[in-house]
Amino acid sequence: SCPPPARDSIPCLPRLPVLGSLPWLGGGGLPPHLLFSQLAQRYGSLFALHLGPHYTVVINDHQHAREVLLQRGRDFAGRPSMVTTNLLTRGGKDIAFADYSPLWKLHRRLVHNSFTLFGEGTSRLQDIVLSSVDSLCVELLSGGKRGFDPSPAVTRAVTNVVCTLVFSSTYRHGDAELQEVIRYNDGIVQTIARGGLVDIYPWMKVFPNKSLSKLKDCITVRDRLLTCKLEEHKASLSDGEPRDLLDALLKGQTGSGRGQRSSGSEDEGITDDHVLMTAAEAFGAGVETTSTTLLWILAYLLHHPEVQDRVQKELDEHVGSERAVCMSDRGRLPYLDCVINEGMRIRPVSPVLIPHTAMTHSSIGGHSVSRGTRVLVNMWSIHHDPRHWDKPDLFNPDRFLDDRGQRVTPPFFLPFGAGPRVCVGESLARLELFLFLSSLLQRMSFRLPDGAPPPNLQGRLGVVLQPLPYTVVVTPRAGWESEAK
Ligand code: HEM
Ligand code: PLO
């Protein structure tokens, strides 16, 4: 029989030498996720462009996204090399920004197992989160009747959870080390990929600039702190249960990486550098994503007080005010789950995921794609696709319930990505989001300060898509007044 007909190539933007398609990208006015959504209307949901020298395919619909992430997930599990993330990760000794390799696979599996160790199975994680939630509630409730920005308190609470999880440190309000951690993390967030993770102007970074030296300073502070934690852990490592992620990694290092020659080709195994970079990354990912998602959801609740009322009604009916909410309540609180999903749909923290690359010659939608091609999955377009979502710009948690009030997860909802590069922190993130939101809304209500405009929902794209600062007034709910001073 005849070979299948050759399919035409992916529609591509015009290009110039060196600049690639940059002159057609509107001068950097729009952040990448919005720019790509706009271009998809002209070129179709699958199109290509040249980001400087890099041929890049952009995907704006869920069929192609599932093909790249799931069906051909292995082919597209590579990561491009970027100046800032190479600095951040000592040349890819982490999970998120490291290119695909057998060692990376081993490393990712080790991290995944270590997470599970502290995950759903044990109640330890729940205890860690709940104790942090308690202090957050006290702090928010003592804010009084004046409007205030909830962001610092939320960030502190989430940072505390991650510090306990990664290296067993818990901090009191105002602790100097905690302040240092928050400061260096902020510095990295501000300098690491300022227009999102898509490195549109890679050559700019080659010239010495303020931003790059600030990044280096923050990395130095981070490394000093983490090396110290690592040494402490090594010195006190015992044969018993791992105390935290750092312990689990150190144990896994001897178990599966170094010392064992059977895997052959990998000469190095999982080094101390890998352990350090993983701890740093779990830390950064754990803080930025969870706190940002919480702040987005709070912002939407201020716009939709009826949604907040309904969550609180659900909580009153199934939990009450006599005890704290726990993970086993999750099945009884479907509407809260929908609110969390709707928050992650309407404002995905990572609107174009992390760039992928083709590791072999492959294809997308029947078009052949050569090795090394960069692939950007625009989750923003997918989560706002009017063909699949009714009024996509409306915050409507009910879209995650079917006619019988059962939870549904549509195939075009992928806030954590999918396939070999799916988020490793998904179950941790879900646990945190659930416990934080349920506990907050059980104990207090959030309102706009008198006369204040509702939060701006446009967002600002740094390394993640963040809401602009806004203020809230917090009032205790029945049964929790004593916590307010
Ligand atoms: C990767 C979303 C929380 C660790 C990712 C990706 C997304 C994502 C979209 C990229 C997938 C891709 O490139 O295809 C989220 C969201 C979160 C969240 C929405 C919370 C609301 C966390 C937490 C951790 C974490 C709490 C760890 C403590 C990671 C890591 C990767 C990743 C290590 C890289 C995986 C890889 O490249 O193989 N996440 N994440 N994330 N996430 Fe998360
Ligand atoms: C956040 C700042 C930290 O200091 C370093 C860090 C590590 C992992 C990154 C995270 C930052 C931002 C959010 C990322 C995460 C890995 C996966 C996650 C990119 C840069 C997302 C949403 O994809």
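The paragraphs below set out a description of the structure included in this document. Quantities reported herein were computed from a predicted structural model and do not represent experimental measurements. For every chain, the first residue of the written sequence is number 1, and numbering continues from 1 onward in sequence order. Each chain takes a letter, starting from A, and each ligand takes a number, starting from 1, following the order in which they are written. Two thresholds apply to this predicted model, a pLDDT of at least 70 for residue-level local features and 80 or more for giving and counting side-chain atom pairs, whereas whole-chain, interface and lining totals are computed over all residues. Hydrogen atoms and water are omitted, and side-chain values are computed over all heavy atoms in the structure.

Details of the coordination of the iron atom of ligand 1
Applied cut-off: For Na, K and Ca the donor cut-off is 3.2 Å; for every other metal, N, O and S atoms count as donors within 2.8 Å. Water does not enter the count, which can leave sites looking incomplete. Strands here mean DSSP runs of E at least two residues long; helices mean DSSP runs of H or I at least four residues long; both are numbered from the N terminus.
For the iron atom of ligand 1, the protein contributes exactly one donor atom, Cys423 (SG), at 2.3 Å. Looking at the element boundaries, Cys423 is found in the loop between helix H13 (379–383) and helix H14 (426–443).

Considerations on the packing of aromatic side chains
A ring pair, where both rings are aromatic, is described by two values, the distance of the centres and the angle of the planes. Formally: Aromatic contacts are taken between Phe, Tyr and Trp rings whose centres are within 6.5 Å, Trp giving its six-membered ring; a plane angle under 30 degrees counts as stacked, one over 60 as edge-to-face, and the others as tilted. In this scheme, the term charge over a ring applies when either NZ of a lysine or CZ of an arginine sits within 6 Å of the ring centre and within 35 degrees of the ring normal.
Evaluation of the coordinates by the stated rule reveals ten aromatic pairs. Clustering of aromatic rings is evident, with ring pairs tying together Trp389, Phe400, Phe412 and Phe413. Taking the ring centre of Tyr335 as reference, the NZ or CZ of Arg310 above it sits at 3.8 Å.

Quick word on the site of ligand 1
Stated formally: We call a residue near a molecule or strand when any one of its heavy atoms sits within 4 Å of it. Here a polar contact means two N or O atoms within 3.5 Å. Within protein one must be a hydrogen donor candidate and the other an acceptor candidate, and residues neighboring in sequence count only if both atoms are side-chain atoms.
Around ligand 1 lies a shell of 26 residues, among which Arg79, Arg108, His356, Arg421 and Cys423 are the nearest. The contact in question runs from an oxygen atom of ligand 1 to an N or O atom on the side chain of Arg79, over 2.7 Å. The backbone of Ile354 places a nitrogen or oxygen atom 3.4 Å from an oxygen atom of ligand 1. Of all the elements in the fold, those that place two or more residues in the shell around ligand 1 are helix H4 (102–118), helix H10 (272–303) and H14. With six residues, H10 is the largest single contributor of residues to the shell around ligand 1.

Observations regarding helix H8 (residues 210–235)
Spelled out, the test is: Helices are assigned an expected span. That span is 1.5 Å times one less than the residue count. We call a residue buried when its accessible area falls under 20% of the maximum for its residue type, exposed when it is over 50%, and partly exposed in between, using a 1.4 Å probe and counting protein chains only.
When the terminal C-alpha atoms of H8 are compared, their 38 Å separation across 26 residues agrees well with the 38 Å that a helix rising 1.5 Å per residue should span. All of the buried residues in H8 are Ser211, Leu212, Leu215, Cys218, Ile219, Arg222, Asp223, Leu225, Leu226, Lys229, Leu230 and His233.

Let's talk about the pairing of strand E2 (residues 54–59)
To keep things clear, this is the line we draw: Strands were regarded as paired on the criterion that DSSP finds at least two bridges between them.
The sheet contact formed by strand E1 (residues 46–51) and E2 spans six bridges and is antiparallel. Bridging across to E2, Leu49 finds its partner in Thr56. Where E1 folds back onto E2 in an antiparallel hairpin, the turn is made up of two residues, including Gly52, whose phi is positive at roughly 55°. Note: E2 against strand E6 (residues 374–377), four bridges, orientation parallel.

Considerations on the site of ligand 2
Stated precisely, the cut-off is as follows: Surface accessibility in these figures is a Shrake-Rupley result with a 1.4 Å probe; residues are shielded only by whichever protein chains are displayed. In this classification, the charged set is Asp, Glu, Lys and Arg, the nonpolar set is Ala, Val, Leu, Ile, Met, Phe, Trp, Tyr, Cys and Pro, and all remaining amino acids, among them Gly, are polar.
Around ligand 2 sit 14 residues, and of these Asn185, Ile188, Glu281, Gly284 and Ser350 come closest. For ligand 2, an oxygen atom lies 2.5 Å from a polar atom in the side chain of Asn185. Protein chains shield 89% of the accessible area of ligand 2, which is 480 Å² for the free molecule. Of all elements in the fold, only helix H7 (176–191) and H10 reach the threshold of two or more residues within the shell around ligand 2. When its residues are assigned to classes, the shell around ligand 2 shows eight nonpolar, four polar and two charged.

A closer look at the nonpolar core
Note the cut-off: Buried Ala, Val, Leu, Ile, Met, Phe, Trp, Tyr and Cys residues that are joined via side-chain atoms within 4.5 Å together make up what is termed a nonpolar core. The contact criterion used is simple: two residues touch if any of their non-hydrogen atoms lie within 4.5 Å.
The biggest cluster of nonpolar side chains holds 83 residues, and the ones touching the most others in it are Ile364, Phe436 and Phe446. Looking at this core, the element that brings in the most residues is H14, giving ten residues. Discounting residues that sit within four places of it in the chain, Phe436 has contacts with Val129, Ser132, Val133, Leu136, Ala157, Val158, Val161 and Leu294. Counting residues in hydrophobic clusters, the runner-up holds 50 residues, among them Met82, Tyr100, Ile219 and Leu249.

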